[in-house]
Each structure stands twice: as C-alpha cells, then as structure tokens.
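# Descriptive analysis of the structure
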Amino acid sequence: MTTQHWPSLPGIAYGGDYTPEQWSPETWREDVTLMREAGVNMVSIGIFAWGLIEVREGEFDFTWLDEVVDLLHANGIAVDMGTPTASPPAWFFANHPDARAVTRDGVALGFGARGMASHSAPAYRQAAVRIATELARRYGDHPAVVLWHVHNEYGVPVGEDYSPHAVREWRLWLQQRYGSLDGLNRAWGTAFWGQHYGDWEHVGAPAAAASVVNPAQRLDFARFTDHQLRQCFIAERDAIRAHSDRPITTNFMANQHGGCDLWKWAAEVDVVSDDHYLWAADEEGEIGLAIAADLSRSVGGGAPWILMEHSTSAVNWQPRNIAKRAGEMARNSLSHLGRGADGILFFQWRASRSGAEKFHSAMLPHAGTTSRVFREVVDLGAKLGALDEVRGSRVHADVAILWDFESFWAQDLEWRPSEDVDHDERIRAFYEKLWRDGITVDFALPGHDLSGYKLVLAPAQYALSAADAANLGRYVDGGGTLVVSFFSGVVDENDAVHPGGFAAPLQPALGLRVEEHLPLREGDRHEVSFDGIRLTADVWQEDLVLAGADVRGTYLGGPAEGRPAITRHAHGAGAGWYISTRPDADGLAAILDEVYADAGIRPAGHPSGLEVVVRRGADADFTVAINHTSETVSLQISGTDLLTQAVAEGTLEVAGGDVAVVRTPHAAQDLDQP
C-alpha cells in the first residue's frame, strides 16, 4: 500500500454524501446549521455532479461549487471532494456514442441511469482525467478539502465491458501477460474443443456463445476488467496528485465481490474506504457487517480506514428494504469503528425528493429534524465526538481466513460439480463460529506471510497456485495450524486441475489427496462420526486417499460411507486439518473447538450476543462492546467507558441494545494478566 496519510481532521470523521446540487442556496444554509448540530465534520460532495460542473465539453462552471465549498469551510465542515466520473453527462454520450459500455449479449448501455462508460474508451479516459485535473487545479489547496474521492463504487453497476474498445485493450493486455500465442494457448488449454488461436486478431472477448465459454478465458477477462477499472482510477488519481497533496481514495464495496480485487486496489489508495449496506434478508446482519469491516481493515494492511457509506435506516434497492430499529444505526456504526474504521459516514445527508433513491434513508430524512432517525444521528455525532483518542489505534488478530477474489471468480463460473457449493456460505459459516466465540479475524491471501497467526482457515480456496500451496505448507511446517474445507486446491491460477489431481499441492500440509468428488443430491444428509459424537452434514462428500494424515471423522452413510471425512496431519511443527464435507453449525463448532485446542486459541467467554473487539493504541486498549440482545449483560473488564464516563473495576454492565467503548490503560491491563 502507498504511505498512509489521514485526512486532516481533529477526530473521527463523521458525515456523509452531500448533494447540494439538488437543493437551493437557502437549503444549503439550513443544512450546514443542522450539520453542526449533528456533529458532522466532513461531507463528500460532487460525486454525481459532472453535468453541472462541466456544462458542455471542455466548458466548466464552478460558481455553485465554489459557494458550497466556502460555506462548508466557514462552518468548520471539511470536504471530501469527489470526481463525478461514475456518471458521465448527457453531452458525453451524445458526443461519444462509441464510448458506451456493451454487455456480454452485445447490448450497448444507454444514458439515464448511473454507471460509467466503457472503461477502455479513449474518450472516457480523456474526459475523466480532464475533469479530475480541473477540480484539482481549483480545489487542490483549498483549506476545506482534506480528502479526494475518485469515482464511486468501481465495478458497480458497470464492470465487464465487451465494446470494440475493450476488445482492443483486451488483446494488448493478453499479449503483455503471455508474450505469445503459444503462451496463451497453453494457459487457456485451447486444445480442448478445438479453440486453438493462430492470430491475435482472432482472440475475442468471452461474449455469449452457444455453450459454456472457456473458463480460463472467462477468468482472465475478469482479471482484465479489474485491471482496466483500476487504470481508470490511477489515471484520475495521478491527475489530482499533480495539483494536490491531500490523500486520495475511492470507495470499495467489501460485501460485494463485483469486478474488483480489493487486495490490488488497496495498494493504489492513500487510505482504504468502504461502502457497507446490510442485507435485509440476513437476520443477523451484524455478522455480515463484521466480515466486511474486517476485510476492509485487512486489505489495508491493518491501518485505520473509512466507512464511506452506510445507511441510517432502510435502503431502496433490495427486494424487501427493512428499516433499522432504535439503536441499530449506532450499533452498526460503532461495530465498524471497533473493527478499525476512523471515519463513519452515510449515504446521504439529506434525503432526495426525486430520482431512483428517494426511498433511501438519510441522516436528515423526509420526516425532518423531529424524526427518530435525526435524533439518533445527533446522538451518534456526540458519541463519536467523545472517541477522538481511539483514532489511530489498531486491531490485532490471531486468526486469519483466506479471502481470494480470483478464486471466487473462478469458482463462480459454469459447470462446477454442484451448485450448492458456495464460497460466501462457507466463509460465513467459519467466520460465524469465530464471531460467536469472540475471536477477532483478519483476512489474508494464501500467498501472504501468515507466520503471525496461530490459526489459518481456508473455507473456500477453490483456485490455488502451486507457489501459494507451498506457502501454506511452510506455514504449517513452521508451527501453524491450517484448516482446509472441501473443494479447495482443486485448480491452479489458470483454472486447470493440478498435476496429481484434486488438492495435490496441499498434500504436504494435509497428508492426503482427493481421489473423487462426491456431491450429494439436493436435500440429502448424512452423519459423520467425530471423536465419539455424531455430526450431521450435507451437500458434499469426497473419497480421500491418506498419505500420512490421521482420521478424526468417518462417514456413516452416503457414497463415501466408511471412508475418512475429517483428518488431521502433523507436518513439521504444525498441523493441517481437512474437512471434506459440509457439517451443520453444531458440527462445525465441535470440529473447530478441537482445532482451537491445537492452535492454542481460546474463546473469549463473553455473554451470547455481546460483540467485543479491541483496538490497541500507544497507551491504552479500547474495547468496543456491542450488545445485540435486549437484556443487560456483564462484560469482565476494567477501565473507563468513554461514552458514559462510567468506571469499571472488573465488571461493566452493558444494557440491551447499547454500546460501550472502554479505555483500559496498558499499565492497568498488564496488572490484570495472570
């Protein structure tokens, strides 16, 4: 990652997207007064205002934006200046119809929604750099501007593009990646189905075809799309950097895989920022939230990050948009803070009266300042104002879960053994067990240095290079504990089955190979005998051939009846576990309890429903405790609750639905250690 430097703010960033272009100057003045009441200290502006800034191609009018920036500055509200390149104006598409993105089915996307033009169109790149340059020239040194916000949610809703511009750039990208057609043919396995290429001009994008398109080609096109989107960001970033020294970011979407590999993107921003929205269908959305927050922190190397968008209440784009209830907004916000966010922002400040998002909640809702939501916004601002000293502290984790975007892209392609095998579901299942046990998690890639973790989990590592598999082997050999779930290590980076068969490169760490996948019919369940207890499992079995591993669980039914289901292999100073089926939650918990003992990990022992995360500062720990239940619970801790100034001497009561942020000086913490 580039050197981190944080926006020049006195405390935790608090605010949201502000769209003054939708309102009159009289409303602007009302807004800044209410922002001050709410404790807002930063807003993002200009993100969808291209047509009102560059009114005609090459003709700029900054009059209204100048007034807004100066008004915010005069009221002590900093600016996160957006470049509006996620939504080119009508004149752009009229002047450059060839710059429209094209779907896989060959449909050119028109104007009237949000979404960028073709990421490979020269006219789009030139126009994006032009407006970023002009904005940076005008506001690069303005004292109000503390952060630059390039674009908005790359890859959403426009990711893959099959336009002629994209096909041209795709061929150049492939030539740089493989060097020759021989290299491309080997990587793509084009001998299959007679797909051999003898001329670069014959290599097209993997558009819709008569049957399943070459999966290696599809995987490379996902990589290409990610690269092209990132090059758009880099072009704007560098244009801004020529005129401004303020930090530059773009808002990720950690809970949507989209077309972006956030590990690569994080290396290009000055500070990671993320947009997070609860999935209404998830009855324990706080767990999905924690996953996204931990991923945002992890891709940034553990540095503090910004929650650039979330919602005060309901969103408007899901099948059923469930409103947040009293206190939920604060719990969501402070959970992100506990997991490393030093900025808490929303979409948006004032609810829009028109357009596609008029039913989306806001800090200032349609119901106005007397509403419950606005009262909670003001209360949250006061809470964050009391937490200034938390800023800059970091989260430490002893456990890592592997999260590999390229593996996900590959696994999601067609013609896999079972549609019931879902990487999101597996990661959530493993993470949920750790979350309930109060064990903080980082995410990592299989090629990362994992030596600092006591335990590494690989719930869904379908694609795995030989080099990354060797890295996992070294981790185990050096004393780590590795747990691998089924359908992992199946293919290499080109979606080709490894020499030696399924999971072959993991054999040193796991002490086995997978002879055959045995997916189950829909609804079929079976039992596994594990350490004298019976576990229920479904979806999947495998025929394992042992090469040193010890059997810890055996199939009691199904196609692999009597065969090993769960194994443990001593390798060097560590151990590699393999789970070749999908246990239910209780079964996975029983297995992981044994794994904890192996790795020297202990559950935190907090009351059920109490989420606890610790951030470590230079002089103190900051424990964020979030009670997701309706009953008062007791947290064993000593220190001062920064939100209430209550002093705990061994025990703190956290009311139902409430949050505590406890400061424990390191000296006091050390005295509590056995």
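Below is a short write-up of the structure.

### Looking at the overall build of the chain
If you tally the helices and strands in the chain, you get 18 helices and 31 strands. Compactness check: the chain gives a C-alpha radius of gyration of 26 Å against a globular reference of 26 Å for 674 residues, within 12% of the reference. Each principal axis of the C-alpha distribution contributes one length, and for the chain these read about 75 × 75 × 40 Å. Classification of the 674 residues of the chain by burial places 59% in the buried group. Considering only residue pairs separated by 6 or more positions, the chain has 72% of its internal contacts joining residues 24 or more positions apart. Only carbon and sulfur atoms are counted for the fraction: they give 49% of the accessible area of the chain, which is about 26000 Å². In the chain, 54 positive and 93 negative side-chain charges are present, and the distance between their average locations comes to 2 Å.

### Concerning the pattern of salt bridges
Evaluated as defined, the whole model comprises 46 salt bridges. Its salt-bridge partner being Arg218, residue Glu414 comes within 3.2 Å of it at the nearest N-O pair. Placement of the pair is Glu414 in the loop between α13 (405–411) and α14 (423–436) and Arg218 in helix α8 (residues 215–241), with a sequence separation of 196 residues. Assessed through its relative accessible area of 31%, Glu414 is described here as partly exposed. For Arg218, a relative accessible area of 14% gives the class buried. Taken together, the shared-partner salt bridges in this structure form one network comprising Arg177, Asp220, Arg223, Asp261, Lys264 and Glu406.

### A look at a nonpolar patch on the surface
Nonpolar side chains collect at one region of the surface, where Phe192, Trp193 and Trp415 lie side by side and expose about 440 Å² of accessible area between them. In this fold, Phe192 is placed in the loop between α7 (181–188) and α8.

### Some words on the packing of aromatic side chains
As enumerated under the stated definition, the model contains 33 aromatic pairs in all. Ring geometry for Phe405 versus Phe408: centroids 6.4 Å apart, planes at 70°, classification edge-to-face. Here Phe408 and Phe405 lie together in helix α13, a separation of 3 residues that amounts to about one turn. For the pair formed by Phe405 and Phe408, the shared burial category is buried. With 5.2 Å between their ring centres and 55° between their planes, Phe487 and Trp540 make a pair best called tilted. Residue Phe487 is located in the loop between β16 (481–485) and α16 (507–510), and its partner Trp540 is located in strand β20 (residues 540–546); the two are separated by 53 residues in the primary sequence. Classification of Phe487 by relative accessible area gives buried; the value is 4%.

### Here we look at the sheet that holds strand β1 (residues 13–17)
Spatially, the 9 strands line up as an open sheet ordered β7-β6-β5-β2-β1-β11-β10-β9-β8, and their pairing is parallel. The sheet is open, and its two borders are formed by β7 (248–249) and β8 (251–252), each paired with just one other strand. In the sheet, β1 pairs with strand β2 (residues 42–45) via 3 bridges, with the strands oriented parallel. Its bridge partner lying in β2, Gly15 is registered against Met42. Across the sheet, helix α3 (residues 63–74) is in contact with β2 and β5 (78–83); its angle to β2 comes to roughly 170°.

### As for the packing of α14 against helix α17 (residues 585–599)
Two packed helices can be described by the angle between their axes and the distance between those axes. At a minimum axis distance of 11 Å, the contact between α14 and α17 shows a crossing angle of 65°. For the pair α14 and α17, the crossing hand works out as right-handed. Touching Ala429, Phe430, Lys433 and Leu434 of α14 are Leu588, Ala589, Leu592, Asp593 and Tyr596, all from α17. Partitioned by chemical class, the residues of the contact of α14 with α17 number 7 nonpolar, no polar and 2 charged.

### Remarks on the environment of Arg474
With respect to the helices and strands, the residue Arg474 is situated in helix α15 (residues 466–477). Taking C-alpha positions, Arg474 is 9.3 Å from Pro508, a pair spaced 34 residues apart along the chain.

### Comments concerning α14
Over its 14 residues, α14 extends 20 Å from the first C-alpha to the last, a length consistent with the 20 Å expected when each residue adds 1.5 Å. For α14, a buried count of 10 out of 14 residues is recorded, marking the element as mostly surrounded by other parts of the structure. Along α14, the residues that are buried comprise His423, Arg426, Ile427, Arg428, Phe430, Tyr431, Glu432, Lys433, Leu434 and Trp435. Where α14 begins, the side chain of Asp422 points an oxygen toward the backbone nitrogen of Asp424, at a separation of 2.9 Å.

### Some details on the environment of Ser273
By secondary structure assignment, the location of Ser273 is in strand β9 (residues 273–275). C-alpha separation for the pair Ser273 and Ile591, spaced 318 residues apart in sequence, amounts to 35 Å. Setting aside residues up to four positions removed in sequence, Ser273 forms contacts with Thr249, Thr250, Asn251, Phe252, Ile306 and Met308. Engagement of the side chain of Ser273 in a polar contact is seen with the side chain of Thr249, the distance being 3.1 Å. Only 3.1 Å separates the side chain of Ser273 from the backbone oxygen of Thr250, close enough to count as a polar contact.

### Some points on the packing of α3 against helix α5 (residues 122–139)
With their axes 12 Å apart at the nearest point, α3 and α5 run at an angle of 45° to one another. As far as their axial angle goes, α5 and α3 are oblique. Considering only the axes of α3 and α5, their crossing is right-handed. Counted together, Leu65, Asp66 and Val69 of α3 and Leu135, Arg138 and Tyr139 of α5 form the full contact between these two elements. Grouping the amino acids of the contact of α3 with α5 by side-chain chemistry returns 4 nonpolar, no polar and 2 charged.

### Points about the pairing of strand β21 (residues 550–555)
In this structure, strand β18 (residues 525–530) lies alongside β21, joined through 3 bridges in antiparallel fashion. Bridge pairing in β21 links Ser529 to Thr554. Of the pairings in the sheet, the one linking β21 to strand β22 (residues 564–571) comprises 4 bridges and is antiparallel in character. Residue Thr554 lies in a different strand from β22, and its bridge partner there is Pro564.

The rules behind these values
- Residues numbered from 1 in each chain as written.
- Predicted model: local features only at pLDDT ≥ 70, side-chain atom pairs only at ≥ 80, totals over all residues.
- Heavy atoms only, no water.
- Helix = DSSP H or I, 4+ residues; strand = E, 2+ residues; numbered from the N terminus.
- Rg over C-alpha atoms; globule rule 2.2 N^0.38 Å.
- Buried < 20%, exposed > 50% of the residue type's maximum accessible area, 1.4 Å probe, protein only.
- Contact = heavy atoms within 4.5 Å.
- Areas by Shrake-Rupley, 256 points an atom, 1.4 Å probe, with all protein chains shown as cover.
- Lys, Arg positive; Asp, Glu negative; His and termini not counted.
- Charge placed at Lys NZ, Arg CZ, Asp CG, Glu CD.
- Salt bridge = Lys/Arg side-chain N within 4 Å of Asp/Glu carboxyl O.
- Patch = residues over 30% accessible without salt bridge, like charges linked within 9 Å, V, L, I, M, F, W, Y side chains within 5 Å.
- Phe/Tyr/Trp six-rings, centres within 6.5 Å; stacked < 30°, edge-to-face > 60°.
- Pairing = 2+ DSSP bridges.
- Axes fitted to C-alpha atoms, helices over the stretch in contact; angles between N-to-C directions.
- Left-handed = near helix turned anticlockwise from the far one by under 90°.
- Nonpolar A, V, L, I, M, F, W, Y, C, P; charged D, E, K, R; others polar.
- Expected span 1.5 Å × (residues − 1).
- Polar contact = N/O pair within 3.5 Å; in protein donor to acceptor, adjacent residues only side chain to side chain.
- Parallel < 35°, antiparallel > 145°, perpendicular 65-115°, else oblique.

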